[in-house]
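Topology and contacts: notes
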Amino acid sequence: QVQLVESGGGVVQAGGSLRLSCEVAGSIFSIDIMGWYRLAPGKQRDLVATITPIGDTKYADSVKGRFTISRDRNMVFLQMDNLKAADTAVYYCNADVADYGMTKRNYWGQGTQVTVSS
């Protein structure tokens, strides 16, 4: 059983910063790509950033230069700076995880709310 547990959301003023964390817990053999997605009201869930096991990153154009994704063992982080009202959304952690039976599955966290007030 694998679980992704997020933390770090909250309410912040425009221009402020937040740091999201996500822990991958359970029967883990290896973790492949990890990432963050977000779901804003009335919109579809969109990719924010991903990171490979060797540290290659990809960002949505809307967050480039403001957000930084990083990982450390079974954790993935999203440092969000210069936040804008448009960043308000529920942020979800995502990871491709292989268990000890070598079965790889994609997992989602429960989501954490980020609200940016203007």
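Please refer to the structure higher up on the page.
In short, a report on the structure. Only a predicted model underlies this, so the values are computations on that prediction, with no experimental measurement involved.

Before going further, it helps to spend a moment on the environment of valine 2. Looking at the element boundaries, valine 2 is found in strand 1 (residues 2–7). Judged by its relative accessible area of 9%, valine 2 falls in the buried class. Valine 2 sits 97 residues away from aspartate 99 along the chain, and the two C-alpha atoms are 8.2 Å apart. For valine 2, the contacting residues outside a window of four places in its chain are Val24, Ala25, Gly26, Ser27, Val97 and Tyr107.

For the rest of this paragraph, the subject is the nonpolar core. Among the nonpolar cores identified, the biggest contains 32 residues, and Val24, Trp36, Leu78, Met80 and Tyr91 are the most heavily contacted of them. Counting residues per element, the ones that place at least two in this core are strand 1, strand 3 (18–26), strand 4 (30–39), strand 5 (46–51), strand 7 (67–72), strand 8 (75–80), strand 9 (89–98) and strand 11 (112–117). The dominant element in this core, judged by the number of residues it contributes, is strand 9, at 5 residues. In contact with leucine 78, other than residues within four places in its own chain, are Leu18, Arg19, Leu20, Trp36, Val48, Ala49, Phe67, Thr68, Ile69 and Tyr91.

What counts and how
- Residues numbered from 1 in each chain as written.
- Predicted model: local features only at pLDDT ≥ 70, side-chain atom pairs only at ≥ 80, totals over all residues.
- Heavy atoms only, no water.
- Helix = DSSP H or I, 4+ residues; strand = E, 2+ residues; numbered from the N terminus.
- Buried < 20%, exposed > 50% of the residue type's maximum accessible area, 1.4 Å probe, protein only.
- Contact = heavy atoms within 4.5 Å.
- Core = buried A, V, L, I, M, F, W, Y, C linked by side-chain atoms within 4.5 Å.

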